[in-house]
Amino acid sequence: MTKAELRQKIKTLAVTVMAEKAKTDDAALAYDELTKFPLLKDVIVDLLTVQFDSFLESIDWIAPRPTTFRINLLNGQNFVLIYDPRSWIAKVEGKKYYLLNLDEEEMAAKAIARILAHGGKIEDDSNDAKDTEDISSDETEEVDVDVDIEA
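Report on the accompanying structure. Just so it is clear, the model here is predicted, and its values are computed rather than measured.

1. Let's talk about the sheet that holds strand E2 (residues 68-73)
Spatially, the five strands line up as an open sheet ordered E1-E2-E3-E4-E5, and their pairing is antiparallel. Each end of this open sheet is capped by a strand with a single partner; those strands are strand E1 (56-63) and strand E5 (95-98). On average, adjacent strands in this sheet sit at an angle of 25° to one another, irrespective of strand direction. Looking at chain direction, E2 and strand E3 (residues 78-83) are connected through five bridges and run antiparallel. Bridging from a neighbouring strand, asparagine 72 pairs with asparagine 78 of E3. Together, E1, E2, E3 and strand E4 (88-92) form the strand contacts of helix H3 (residues 38-48), whose direction differs from that of E3 by roughly 135°. In the packing of helix H4 (residues 102-118) onto the sheet, the strands contacted are E2, E3, E4 and E5, and the crossing angle to E5 comes to about 140°.

2. Here we look at the pairing of E1
Relative to E2, E1 runs antiparallel, the two being bridged by six bridges. Of the residues in E2, the one forming a bridge with isoleucine 59 is isoleucine 71. Between E1 and E2, which pair antiparallel and follow one another directly, the connecting turn spans four residues.

3. Examining the environment of glycine 76
For glycine 76, the location among the structural elements is in the loop between E2 and E3. Classification of glycine 76 as partly exposed rests on a relative accessible area of 48%. Distance from glycine 76 to leucine 116, taken between C-alpha atoms, is 9.2 Å for residues 40 residues apart in sequence.

4. Section: the pairing of E3
Hairpin remark: E2 followed by E3, antiparallel, with four residues in the connecting loop; positive phi at glycine 76, about 90°. Taking the residues that link successive antiparallel strands as the turn, the E3-E4 hairpin has four residues.

5. Brief notes about the nonpolar core
One recurring pattern in soluble globular proteins is that nonpolar side chains are buried together. Formed by 23 residues in total, the largest nonpolar core has its most connected members in Ile44, Leu47, Ile71, Leu81 and Leu99. Of all the secondary-structure elements, those providing two or more residues to this core are H3, E1, E2, E3, E4 and H4. The dominant element in this core, judged by the number of residues it contributes, is H3, at five residues. Sequence-distant contacts of leucine 99, that is, excluding residues within four places in its chain, are made with Val43, Leu47, Leu81, Ser87, Trp88, Ala90, Glu104, Glu105 and Ala108.

6. Describing unusual backbone geometry
The step from arginine 65 to proline 66 runs through a cis peptide bond, and the omega angle for that step is -10°. Positionally, proline 66 belongs in the loop between E1 and E2. Even without a glycine there, the phi angle at glutamate 93 is positive, about 50°. Relative to the helices and strands, glutamate 93 resides in the loop between E4 and E5. The class for glutamate 93 is exposed, based on a relative accessible area of 55%.

7. Brief notes about the packing of H3 against H4
The contact between H3 and H4 brings their axes to 9 Å, and the two run at 70°. If you check the angle between H3 and H4, you find them roughly perpendicular. Of the residues in H4, those in contact with Asp46, Leu47 and Leu48 of H3 are Glu105, Ala108, Ala109, Ile112 and Leu116. Here the residues of the contact of H3 with H4 sort into six nonpolar, no polar and two charged.

The rules behind each value
- Residues numbered from 1 in each chain as written.
- Predicted model: local features only at pLDDT ≥ 70, side-chain atom pairs only at ≥ 80, totals over all residues.
- Heavy atoms only, no water.
- Pairing = 2+ DSSP bridges.
- Helix = DSSP H or I, 4+ residues; strand = E, 2+ residues; numbered from the N terminus.
- Axes fitted to C-alpha atoms, helices over the stretch in contact; angles between N-to-C directions.
- Contact = heavy atoms within 4.5 Å.
- Buried < 20%, exposed > 50% of the residue type's maximum accessible area, 1.4 Å probe, protein only.
- Core = buried A, V, L, I, M, F, W, Y, C linked by side-chain atoms within 4.5 Å.
- Parallel < 35°, antiparallel > 145°, perpendicular 65-115°, else oblique.
- Nonpolar A, V, L, I, M, F, W, Y, C, P; charged D, E, K, R; others polar.

Laid out in structure tokens, this is it:
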């Protein structure tokens, strides 16, 4: 590889990286917390990739000290990010992951992927609730059951 080829490759990679950064900046505008706390945006991008906007419903700032955020996902699930002076802490399904360690960051990303894959919004059907209320004691059947008990 010559110097000219290397320079050209670096230029194309730089353009690609800057385009992705612009995408994350545009997506971050929708969330006030990401514009106020740029470190939070970096953590969310690390955990959910640059396409985090496709998975987030909202971000709630829930405590000032330690700075704590609830990340609400589109499927109704959520997880918590806590700022610690040394590192961020992710609480996913009750388990803490210290994001300073690469292996724990990886496990946190897998746990988030798991709740994204398995969690779903539970729809409240008003028809089901009405059906159970309409049943009266007159409409229920009595059933005789024979049970053999051996001593």
